[in-house]
Amino acid sequence: MKQRIAWLLPALLLLAGVLVTRPDWRPAMLDHLEFALYDFWTARSAPRGVDPRIVIVDVDERSLSEQGRWPWSRERIATLVDRLFDHYKVGAAGFDIVFSEPESAAADERLARALKDRKVVLGYYFSSTGDLDAVGVRAGELPAAAFSVKAIESRDSYYSSWNGYGANLPALVRAAGHAGHFNSQVDADGVVRRIPMLAEHRGGLYPAYSLVLAQIALDAPRLALDRLDRDDSGRGVEFLELTGGRTAHRVPVDSTLLSYVPYRGARGSFLYVSATDVLNRRAPIPPLHDKIIVIGSTAPGLYDLRATPLARVYPGVEIHANMVAGILDSSILRQPRSLHAWLAWGLAASGGALIAALALLGPLPASLLALLLAAIWFAAAAIAWRSGLYVPVATPLATLLTVYFAVIVTRWVDETRRARALLDLFGQYVPAEVVRRMARIHKIPSMTPEDRELTILFCDIQRFMRASRHLPANQVALLLRNVLGPLGQIVHQHGGTIDKYIGDAIMVFWGAPLDDRRHASHAVKAALKMIAYMPTINQSLAGLGLPSVHISVGINTGVASVGDMGSEHRRAYTAVGHTVNLAARIEASTRSYGLSCFVGVETMRQCANEVIFREVDHLLVKGYDKEVTVYAPEALRADLDEPGLAKLEDELERWHRALGHYRQQCWDEATPEIEGLRKEHPDKRLYAMFLDRIAALRQSPPQANWGGAWVASG
């Protein structure tokens, strides 16, 4: 139940991410992330270079110096129009300037005559003050609206609305016949990325300046609303269509009738020609001939500066030029109405896969999957961009990241809780490494007793009573702590579970509570490490004024009952059975042989590839009818170099040959082999013991069918 509640948080975060794939539901924080990604794509995909089809006639500082300060007379503006159309034969021209104030009737009439019957577009702007239902500030006269809002009310489209405007003189509007608004959409970070292709005022929809300029340049007399599927019963306008000219052009718009500006590059993506050079006919004709002209200003005080994805200071006149070029090229990005539904389904699928992976596969594979999913989303957005589709991926990426960290935190909390429970159950028996492994699995191992194959190790301090009988109690405790403590650490390092401390002995097992396929190998390696560490322990004891000690180890592998056992008064996680008892008997038998460790046959068999063993004897141990073969681990194969390995194998080969003669009662063959080994290794009591045993057997021969079994002394 707790796990289900814990996984509810990532699921709720994923649901929230799916919901905010709708742009109008997206929080501001994600908007800013999306802006950053959009600007990244824009900068990487901008074609750069100068577009020769559109020329900006610039009322620059030199023009003001030669022609006089702004505003220029209507006569001078009319002359500029005449020069463009009569001398330079331009294709179309648009003013990024508003003529809202009259000069004189004659002067205004002069400009009206220059505009009449020419492909000239005037510009105006919308403004809003307070309540949209109130009447805003108005100047000049608006042209006729392109559409009524009723044309889109049934199409689930939204639009920007304004209650005021600054427009041109009525005579100029009627003479030119074409006009569009200058307004742009400034996002929350102050950057212009979109233009409202249609803006609403008093129930009418008015086209953008760049849209009208492209319309007359293309000789397209008709502007229509359109959808991708051309189904009037569908929802929303997806395109504005320019028809009736040489070719039809479709301008994609989003749900708010905005179009993305297809920026070519930084400032200077279009040719600039000084207005004074046009007036004085100094500008060359070819760059202007049959081109689309945008008349604006970069002079200080007149300069319209905007922030764009490519530059924080960008001339507004170039934004219009970029928009016209995008319409001509059909390079304006499209964002279909159905896109948010696809985003929602895609995010739900990828987020669900990530949650499932984190639940089933663990952190590392799930982290790789998270990176893969993020890469897929990013690559899909890049491919879509190149295909003319803008896919906003900030929400999916942020959602996947949030879900990922939420699941990681959830798992951490859950594993911390599980580890605490495991420590309560197993901490006093199991090393910390094993507890951490147990915490990573989904269920706490059962403490119910069960039969499992284990490897049991008994370690005893030899002749402890003799070593400690003259010590006070606190010194005895200090001795045990300084011997059993380091030995217990070695056990934990090799993944063993300490069953109990029995006075001066330790009982350990491998293979529970967690499975361990190499339990025999781990036990033998722990035993060799314990024996090898005894000189260090004795050195520490000497520094404390305590006697040195020696240990004996017995190891046996087999099936045992392991689990929570005991009574209602005292319980313990322990192992019992034949395998455990035999391990104790094997340990007790080591003392008379002068060897520190014996293992049973199954232990030897399971780790013979890693450890070099010496077969020692057939023993008859107390409580068992059958003889038990014991082996002594000599060394790890990996720890020996070639000369050392060869020397040890030679010794063992001779020993095993002598042992065979011994068991066949061939005393004359066994004795020389063992005597030779004793001379070479006088420190090994095993050889002297067998020579003494052979001498006794010569005096009292065993039965004819005797196979070498010896009654264990322990």
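Residues numbered from 1 in each chain as written. Predicted model: local features only at pLDDT ≥ 70, side-chain atom pairs only at ≥ 80, totals over all residues. Heavy atoms only, no water.

Asker: Go over the pattern of salt bridges with me, naming the residues and quoting the values.
Answerer: Once the charged atoms of two side chains with opposite charge are near each other, the side chains can pair. Under the defined criterion, the tally for this structure stands at 37 salt bridges. The partner of Arg 62 in a salt bridge is Asp 277, with the nearest N and O atoms 2.7 Å apart. Here the residue Arg 62 occupies a position in helix H4 (residues 61-67), and Asp 277 occupies one in helix H10 (residues 275-279), the gap between them amounting to 215 residues. Residue Glu 615 pairs with Arg 663 through a salt bridge whose shortest N-O separation is 2.6 Å. Taken together, the residues Glu 615 in strand E27 (residues 611-620) and Arg 663 in helix H21 (residues 642-663) connect sequence positions 48 residues apart. One exposure class covers both Glu 615 and Arg 663, and it is buried. Here the residues in one salt-bridge network are Asp 39, Asp 187, Asp 189, Arg 193, Arg 194 and Asp 254, joined through shared partners. (Salt bridge = Lys/Arg side-chain N within 4 Å of Asp/Glu carboxyl O. Helix = DSSP H or I, 4+ residues; strand = E, 2+ residues; numbered from the N terminus. Buried < 20%, exposed > 50% of the residue type's maximum accessible area, 1.4 Å probe, protein only.)

Asker: Outline the packing of aromatic side chains, listing residues and values.
Answerer: Counted by the stated rule, this structure contains 23 aromatic pairs. With a centroid separation of 5.1 Å and an interplanar angle of 75°, the aromatic rings of Tyr 662 and Phe 690 are classed as edge-to-face. One end of the pair, Tyr 662, is in helix H21; the other, Phe 690, is in helix H23 (residues 685-699), with 28 residues separating them in the sequence. Note on Tyr 662: relative accessible area 0%, which makes it buried. Overall, the relative accessible area of 0% leaves Phe 690 in the buried class. Seen from the ring of Phe 239, Arg 250 lies directly overhead, with NZ or CZ sitting 4.3 Å from the centre. (Phe/Tyr/Trp six-rings, centres within 6.5 Å; stacked < 30°, edge-to-face > 60°. Lys NZ or Arg CZ within 6 Å of the ring centre and 35° of its normal.)

Asker: Describe in detail the pairing of strand E11 (residues 198-201), supporting the description with residues and values.
Answerer: Side chains of E11 alternate between two faces, with Leu 198 and Glu 200 and Ala 199 and His 201 buried alike. Taken together, the 2 bridges between strand E6 (residues 160-161) and E11 define a ladder with parallel strand orientation. For Ser 160, the partnering residue across the bridge sits in E11 and is Ala 199. Relative to strand E12 (residues 204-207), E11 runs antiparallel, the two being bridged by 4 bridges. The residue bridging Ala 199 from the neighbouring strand is Tyr 206, located in E12. Linking two consecutive strands that pair antiparallel, namely E11 and E12, is a turn of 2 residues; a positive phi of about 55° is found at Arg 202 within it. (Pairing = 2+ DSSP bridges.)

Asker: Describe the nonpolar core, listing the residues and the values that go with them.
Answerer: Buried together is how nonpolar side chains tend to be arranged in soluble globular proteins. Ranked by internal contacts, the top residues of the largest apolar core, which has 48 residues, are Ile 54, Met 197, Leu 211, Leu 213 and Leu 240. Taken together, the elements giving at least two residues each to this core come down to strand E1 (51-58), strand E10 (192-196), helix H9 (209-217), strand E13 (222-226), strand E14 (239-243), strand E18 (292-296) and helix H11 (316-329). Of all the elements, H11 adds the most residues to this core, at 8 residues. Counting residues in hydrophobic clusters, the runner-up holds 42 residues, among them Val 55, Val 59, Leu 80 and Leu 172. (Core = buried A, V, L, I, M, F, W, Y, C linked by side-chain atoms within 4.5 Å.)

Asker: Which residues make up the side chain of Arg 663, and what values go with them?
Answerer: Relative accessible area serves as the criterion here: at 16%, Arg 663 is assigned to the buried category. Side chain to side chain, Arg 663 and Glu 615 meet in a polar contact 2.6 Å long. When sequence neighbours within four positions are dropped, the list of residues in contact with Arg 663 reads Glu 615, Val 616, Asp 617, His 618, Trp 706, Gly 707 and Gly 708. (Polar contact = N/O pair within 3.5 Å; in protein donor to acceptor, adjacent residues only side chain to side chain. Contact = heavy atoms within 4.5 Å.)

Asker: Describe H11, listing the residues and the values that go with them.
Answerer: When the terminal C-alpha atoms of H11 are compared, their 20 Å separation across 14 residues agrees well with the 20 Å that a helix rising 1.5 Å per residue should span. One or two residues past the end of H11 sits Ser 330, with phi positive at roughly 55°. (Expected span 1.5 Å × (residues − 1).)

Asker: With reference to specific residues and values, describe the packing of H9 against H11.
Answerer: Relative orientation of the contacting elements H9 and H11 amounts to 50°, with a least axis distance of 9 Å. With respect to each other, H9 and H11 are oriented oblique. Relative to H11, H9 is oriented so that their crossing is right-handed. Along the contact surface, H9 presents Tyr 209, Ser 210, Leu 211, Leu 213 and Ala 214, while H11 presents His 320, Met 323, Val 324 and Ile 327. By residue class, the composition of the contact of H9 with H11 is 7 nonpolar, 2 polar and no charged. (Axes fitted to C-alpha atoms, helices over the stretch in contact; angles between N-to-C directions. Parallel < 35°, antiparallel > 145°, perpendicular 65-115°, else oblique. Left-handed = near helix turned anticlockwise from the far one by under 90°. Nonpolar A, V, L, I, M, F, W, Y, C, P; charged D, E, K, R; others polar.)

Asker: Which residues make up the pairing of E14, and what values go with them?
Answerer: Judged by how many residues are buried, E14 sits mostly within the fold: 5 of 5 residues are covered. Sheet topology places E13 next to E14; 5 bridges connect them, and they run antiparallel. Its bridge partner lying in E14, Arg 222 is registered against Thr 243. As judged from the 4 bridges shared by E14 and strand E15 (residues 249-252), these two strands associate in the antiparallel manner. The partner of Leu 240 across the bridge, within E15, is Val 251. Hairpin connection from E14 to E15: 5 residues lie between these consecutive antiparallel strands, with Gly 244 at a positive phi of about 95°.

Asker: Give a detailed account of the sheet that holds E10, specifying residues and quantitative values.
Answerer: Across the sheet, which stays open at both edges, the 3 strands sit in the order E9-E10-E16 with antiparallel pairing between neighbours. Only two strands of the sheet have a single neighbouring strand rather than two, namely strand E9 (185-186) and strand E16 (258-260). Looking at chain direction, E9 and E10 are connected through 2 bridges and run antiparallel. Of the residues in E10, the one forming a bridge with Gln 185 is Arg 194.

Asker: Describe the confidence of the model for the chain, with residues and values.
Answerer: Mean pLDDT over the chain works out to 85, with 86% of the residues at or above the 70 mark. Here residues 228-234 is a poorly scored stretch, pLDDT under 50, and it has 10 contacts once near neighbours within four places are set aside; other chains count. (pLDDT = per-residue confidence, 0-100.)

Asker: Which residues make up the environment of Trp 41, and what are the values?
Answerer: As for its placement among the helices and strands, Trp 41 is situated in helix H3 (residues 28-45). Relative accessible area serves as the criterion here: at 8%, Trp 41 is assigned to the buried category. The spatial distance from the C-alpha of Trp 41 to the C-alpha of Arg 386 is 9.8 Å, given a sequence separation of 345 residues. Beyond its immediate stretch of four places on either side in the chain, Trp 41 contacts Phe 378, Ala 381, Ala 382 and Trp 385.

Asker: Please provide a residue-by-residue account of unusual backbone geometry, values included.
Answerer: A negative phi holds for most residues other than glycine; trans holds for most peptide bonds. With omega at 5°, the peptide bond leading from Trp 70 into Pro 71 counts as cis. Within the secondary structure, Pro 71 sits in the loop between H4 and helix H5 (74-87). Between Ala 512 and Pro 513 the backbone carries a cis peptide bond, its omega angle lying at 5°. As for its placement among the helices and strands, Pro 513 is situated in the loop between strand E23 (505-510) and helix H18 (519-543). Located in the positive-phi region is Ser 330, a residue other than glycine, with phi close to 55°. By the element assignment, Ser 330 lies in the loop between H11 and helix H12 (339-360). Given the relative accessible area of 48%, Ser 330 is considered partly exposed.

Asker: Can you explain the side chain of Glu 200? Please cite residues and give values.
Answerer: Turning to its location among the elements, Glu 200 is positioned in strand E11. As a buried residue without a salt bridge, Glu 200 has its nearest oppositely charged side chain in Arg 202, at a separation of 7.3 Å. Side-chain polar atoms of Glu 200 contact the side chain of Ser 161, separated by 2.8 Å. Sequence-distant contacts of Glu 200, that is, excluding residues within four places in its chain, are made with Val 149, Tyr 159, Ser 160, Ser 161, Trp 162 and Leu 205. (Lys, Arg positive; Asp, Glu negative; His and termini not counted.)

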